[in-house]
Amino acid sequence: MTAPVPESSAVPRHVAVIMDGNGRWAKARGLPRIAGHRKGLERVRELVRACGEAGVQYLTLFAFSSENWRRPEQEVRLLMELFLNALDREVAKLHENGVRFRMIGDVRGLGEAIAERIRRAEALTRDNRGLTLIIAANYGGRWDIARAAAELARGAVAGAIDPDAITPESLEPYLSLSEVPEPDLFIRSGGEQRISNFVLWQLAYTELYFTLVLWPDFDRAQFEQALASYASRQRRFGLTGEQVEAARRA
Ligand code: FPP
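This is a predicted model, so every value here is computed, not measured.

(A) Structural context of the packing of aromatic side chains. This model, assessed by the stated rule, comprises eight aromatic pairs. Ring centres of Tyr139 and Trp143 lie 5.9 Å apart, and the angle between their planes is 80 degrees; on these two criteria the pair is classed as edge-to-face. Centre to centre, the rings of Phe186 and Phe210 are 5.8 Å apart; their planes meet at 70 degrees, and the pair counts as edge-to-face. With Phe186 in strand E5 (residues 185-188) and Phe210 in strand E6 (residues 207-210), this pair connects stretches of sequence that are 24 residues apart. For Phe186, a relative accessible area of 0% translates into the label buried. Feature note: the residues Phe62, Tyr139, Trp143, Phe186, Phe198 and Phe210 constitute an aromatic cluster, connected by ring pairs.

(B) Focus on the UniProt feature "active site" (unreviewed entry) in the chain. In the UniProt entry, the feature "active site" (unreviewed entry) is given for Asp20 and Asn68. Maximum C-alpha separation among the annotated residues is 12.2 Å over a sequence range of 49 residues, consistent with a single clustered spot. Within the element layout of this structure, Asp20 appears in the loop between strand E1 (14-18) and helix H1 (22-28). Filtering out sequence-adjacent residues up to four positions away, Asp20 remains in contact with Arg188, Ser189, Gly190, Glu192, Leu214 and Trp215. Tracing the chain through its elements places Asn68 in the loop between strand E2 (58-65) and helix H3 (73-96). Once you skip the residues sitting within four places of it in the chain, Asn68 turns out to touch Ala63 and Val76.

(C) Structural view of the UniProt feature "binding site: Mg(2+)" (unreviewed entry) in the chain. Residues annotated by UniProt as "binding site: Mg(2+)" (unreviewed entry) correspond here to Asp20 and Glu207. Engagement of the side chain of Asp20 in a polar contact is seen with the side chain of Arg188, the distance being 3.0 Å. Mapped onto the elements of the fold, Glu207 is located in strand E6. Setting aside chain neighbours within four positions, we find Glu207 in contact with Asp184, Leu185, Phe186, Tyr230, Arg233, Gln234 and Arg235.

(D) The arrangement of the nonpolar core in detail. Residues Val17, Leu59, Leu61, Phe101, Leu133, Ile187 and Phe223 are the most contacted members of the largest nonpolar core, which totals 44 residues. Ranked by residue count, the leading element in this core is H3, at nine residues. In contact with Leu59, not counting residues within four places along its chain, are His14, Val15, Val17, Leu47, Val48, Cys51, Leu131, Thr132, Leu133 and Ile134. Ile18, Leu177, Phe186 and Val199 belong to the second-largest nonpolar core, a separate cluster that totals 14 residues.

(E) A look at the site of the ligand. If you check the shell around the ligand, you find 17 residues, and the closest are Asp20, Gly23, Arg24, Arg33 and Arg71. For the ligand, an oxygen atom lies 2.9 Å from a polar atom in the side chain of Asp20. For the ligand, an oxygen atom lies 2.7 Å from a polar atom in the side chain of Arg71. Starting from 630 Å² of accessible surface for the ligand in isolation, the protein chains cover 90%.

Calculation notes
Residues numbered from 1 in each chain as written. Predicted model: local features only at pLDDT ≥ 70, side-chain atom pairs only at ≥ 80, totals over all residues. Heavy atoms only, no water. Phe/Tyr/Trp six-rings, centres within 6.5 Å; stacked < 30°, edge-to-face > 60°. Helix = DSSP H or I, 4+ residues; strand = E, 2+ residues; numbered from the N terminus. Buried < 20%, exposed > 50% of the residue type's maximum accessible area, 1.4 Å probe, protein only. UniProt positions renumbered as here; feature names shortened; annotations may be inferred. Contact = heavy atoms within 4.5 Å. Polar contact = N/O pair within 3.5 Å; in protein donor to acceptor, adjacent residues only side chain to side chain. Core = buried A, V, L, I, M, F, W, Y, C linked by side-chain atoms within 4.5 Å. Near = heavy atom within 4 Å. Areas by Shrake-Rupley, 256 points an atom, 1.4 Å probe, with all protein chains shown as cover.

This is the structure:
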């Protein structure tokens, strides 16, 4: 019997990115950290275009983690301003280009002004058929799993769910990215080789790509290198290489 192999192709369907290194980029130029984030936003624009052109269907960006609140107050305030301005200025353009916009994380924690714009941007772009751009803000992978577990617990308490029958598949519908295919490729810029509480559950079989390049320098050529690295890998999903080959030929 041929084991089922999840679909995968040379171009990742879903790319997830930790955009690290903005602060160091700015520091190296004697600039305030926010200058690095601003340059980082330019790279986001470029990446959205590049993903659309390459045929990537989902792009998830880690913009602000639940832990980032611990940063200096001034940096957090300026980052929130940057998000707000970006939402005001970019959403119409995204919509024109057929991009579907989504946000994951505890959106209410970002303040009412940002939450309201997010709701509007999601509603405006809901039916678009191009790239789905997912911004993770005030997001943490453990928060997401704990929230899903709480939903299961509620179901169990209400008698609708049998705790002994719970499987990974029972939890999945309650996760933030439940209706999106799992990331095929994870990219982290800035030299650190860790996941840092990003989408933990969904990265189980994702190909990981780490680069020393700081996010404000992560241009189209850097993205193409990441895509080439992905295309050169064989994804086995726990099977042997021979099983994967046989399933692909079938
Ligand atoms: C990490 O670099 C980056 C962030 C915490 C913020 C990322 C935000 C942007 C790229 C701009 C806005 C994006 C959107 C989608 C609106 P760091 O500050 O940790 O860099 P460091 O490690 O060099 O200090």
